[in-house]
Amino acid sequence: MQQVLHYFLHFIFPSLVAFFFFRTEWLKIYLIFLLTMLVDLDHLLASPIFDSCRCSVGFHPLHSYAAIAVYVVLLYWPVTRIVAIGLLMHMATDQIDCFFNALKC
Ligand SMILES: [Zn+2]
């Protein structure tokens, strides 16, 4: 269940947001949303790289609360707004994972 929700929120939900809120250029917006997943490259700095019980939010540099605050600020400017929306959806998805992890780990 957690995996299904995780991949739905990372891949399907952003396509719905792009389609319903940016109808005329939804595919371009969706691709930008997908590119924001590169934020997970900060996992490469951790050891081990993957730990199913670790909460990414607040642990990895680009998932830190300071970084999330920057993503919120980036909502202000139209030129960075789409990237900020993608990053914040990503952080919300990772935070939901943390709630599941708190139950099982
Ligand atoms: Zn992440």
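Scroll up to find the structure.
Computed from a predicted structure; not experimentally measured.

With respect to unusual backbone geometry
Consideration 1: Cis geometry marks the peptide bond from Ser47 to Pro48, where omega comes out at 0°.
Consideration 2: As for its placement among the helices and strands, Pro48 is situated in the loop between helix 2 (26-35) and helix 3 (65-73).

Re the packing of helix 1 (residues 2-21) against helix 4 (residues 78-104)
The relative placement of two packed helices comes down to the angle between their axes together with the axis-to-axis distance.
Consideration 1: Contact geometry for helix 1 and helix 4: axes closest at 10 Å, N-to-C directions at 165°. By the angle between their directions, the pair helix 1 and helix 4 is classed as roughly antiparallel. Considering the relative orientation of helix 1 and helix 4, their crossing is right-handed. Across the interface between the two elements, Gln2, Leu5, His6, Leu9, His10, Phe13, Pro14 and Val17 of helix 1 pack against Met89, His90, Thr93, Asp94, Ile96, Asp97, Phe100, Asn101 and Lys104 of helix 4.
Consideration 2: By residue class, the composition of the contact of helix 1 with helix 4 is eight nonpolar, six polar and three charged.

Overview of the packing of aromatic side chains
Consideration 1: For the coordinates displayed, the defined rule picks out four aromatic pairs.
Consideration 2: Judged by centre distance (6.2 Å) and plane angle (20°), the rings of Tyr7 and Phe11 are stacked. Of this pair, Tyr7 and Phe11 are both found in helix 1, four residues apart, which corresponds to roughly one turn of the helix.
Consideration 3: What makes Phe11 partly exposed here is its relative accessible area of 33%.
Consideration 4: Centre to centre, the rings of Phe19 and Phe20 are 5.2 Å apart; their planes meet at 85°, and the pair counts as edge-to-face.
Consideration 5: Its relative accessible area of 32% is what places Phe19 among the partly exposed residues.
Consideration 6: With a relative accessible area of 53%, Phe20 lands in the exposed category.
Consideration 7: An aromatic cluster is present here, built from Phe19, Phe20 and Trp26 joined pairwise through their rings.

Comments concerning the coordination of the zinc ion
Consideration 1: Here the zinc ion is held by the protein donor atoms Asp40 (OD), His63 (NE2), His90 (NE2) and Asp94 (OD), which lie 2.0 to 2.2 Å from it.
Consideration 2: Angles of 89 to 168° at the metal separate the four donor atoms of the zinc ion, which places the site in the irregular class.
Consideration 3: On the accessibility criterion, Asp40 (25% relative accessible area) is partly exposed.
Consideration 4: For Asp94, a relative accessible area of 6% puts it in the buried group.

Brief notes about the environment of Ile49
Consideration 1: Summarising the element assignment, Ile49 is placed in the loop between helix 2 and helix 3.
Consideration 2: With residues up to four places along the chain from it excluded, the contact list for Ile49 reads His43, Leu44 and Arg54.

What counts, and at which threshold
Residues numbered from 1 in each chain as written. Predicted model: local features only at pLDDT ≥ 70, side-chain atom pairs only at ≥ 80, totals over all residues. Heavy atoms only, no water. Helix = DSSP H or I, 4+ residues; strand = E, 2+ residues; numbered from the N terminus. Axes fitted to C-alpha atoms, helices over the stretch in contact; angles between N-to-C directions. Parallel < 35°, antiparallel > 145°, perpendicular 65-115°, else oblique. Left-handed = near helix turned anticlockwise from the far one by under 90°. Contact = heavy atoms within 4.5 Å. Nonpolar A, V, L, I, M, F, W, Y, C, P; charged D, E, K, R; others polar. Phe/Tyr/Trp six-rings, centres within 6.5 Å; stacked < 30°, edge-to-face > 60°. Buried < 20%, exposed > 50% of the residue type's maximum accessible area, 1.4 Å probe, protein only. Donors = N, O, S within 2.8 Å, 3.2 Å for Na, K, Ca; no water. Tetrahedral: all angles 85-135°; square planar, octahedral: opposite > 155°, others 65-115°.

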